[in-house]
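One-letter residues, chain by chain:
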Amino acid sequence: MALTARDLMTTDVETVAPDDEISEVLTKLSRRDFTGFPVVDGTDLVGVVTEHDLVDIFQPSGRTLYVPFGLPPFLESLTYALDLSWDELDVELDLVKNAGRPIREVMSRDVRTIGPDAPIDDVLAVLVDEDEDVNRIPVVEDGVLVGIVARQDVLGAIYRERTADAADSE
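The following paragraphs examine the structure supplied in this document. Keep in mind it's a predicted model, so treat the numbers as computed, not measured.

Criteria and cut-off values
Residues numbered from 1 in each chain as written. Predicted model: local features only at pLDDT ≥ 70, side-chain atom pairs only at ≥ 80, totals over all residues. Heavy atoms only, no water. Pairing = 2+ DSSP bridges. Helix = DSSP H or I, 4+ residues; strand = E, 2+ residues; numbered from the N terminus. Expected span 1.5 Å × (residues − 1). Buried < 20%, exposed > 50% of the residue type's maximum accessible area, 1.4 Å probe, protein only. Arc of directions from axis to C-beta. Contact = heavy atoms within 4.5 Å. Core = buried A, V, L, I, M, F, W, Y, C linked by side-chain atoms within 4.5 Å.

## Digging into the pairing of strand S6 (residues 144-150)
As judged from the 6 bridges shared by strand S5 (residues 136-141) and S6, these two strands associate in the antiparallel manner. In the strand pairing of S6, Glu141 is matched with Val144. If you look at the hairpin formed by S5 and S6, you'll find 2 residues sitting between the two strands, and Asp142 has a positive phi there, around 55°.

Here it is, written out as structure tokens:
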């Protein structure tokens, strides 16, 4: 019998709401062993927020100076980016500035999901997709979040299956 997402998923999923403040989500995330939360409105999955989404609001993109540089015989100039600052004060100011914003402003809305009856191969296809860095996949049935499959869940299942097969062949 082939494993499905239902066999692999955790059904007690910790979530956040779209109106939760960034500071609340950062605090909750700092107390967990994982790197993101599904965002649900009632029972409907509306997005995902990850450490990556939250770190992006502290990037010094507005503090980078782009300097064009070109000398003959070059026809095109080269552009160098100089990071002017990103010290603790900048991070603290960004945190204060963004702490009260709702998580809906930084969450990812285009979320890869799977159904509970998806075979393990479909789960693996999402997890190994090089274009996306997915560590966990929300399991959705009729628009409702029913579970989540983490990369660790899949690796554990494969390990258990292989060690059971090895024990059976001895």
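Picking up where we left off.
## Here we look at helix H6 (residues 151-169)
The terminal C-alpha atoms of H6, which comprises 19 residues, lie 27 Å apart, in line with the 27 Å expected from a rise of 1.5 Å per residue. Of all the residues in H6, the buried ones are Val154, Gly156 and Ala157. Axial view of H6: buried residues confined to an arc of 165°, hence all on one face. Along H6, the residues that are exposed and aim more than 90 degrees away from the buried face are Gln152, Leu155, Tyr159, Arg162 and Ser169. Where H6 is buried, its residues touch helix H1 (5-8), helix H5 (120-127) and S6.

## A look at the nonpolar core
A general trend in soluble globular proteins is that nonpolar side chains are found buried together. Residues Ala5, Ile114, Val123, Ile137, Val149 and Val154 are the most contacted members of the largest nonpolar core, which totals 15 residues. Breaking this core down by element, the ones donating at least two residues are H1, H5, S5 and H6. With 4 residues, the top contributor of residues to this core is H5. Excluding residues that lie within four positions of it along the chain, Val123 makes contacts with Ala5, Ile114, Ile137, Val149 and Val154. Core analysis: the second largest hydrophobic core is formed by 12 residues, Val16, Ile22, Leu29 and Phe37 among them.

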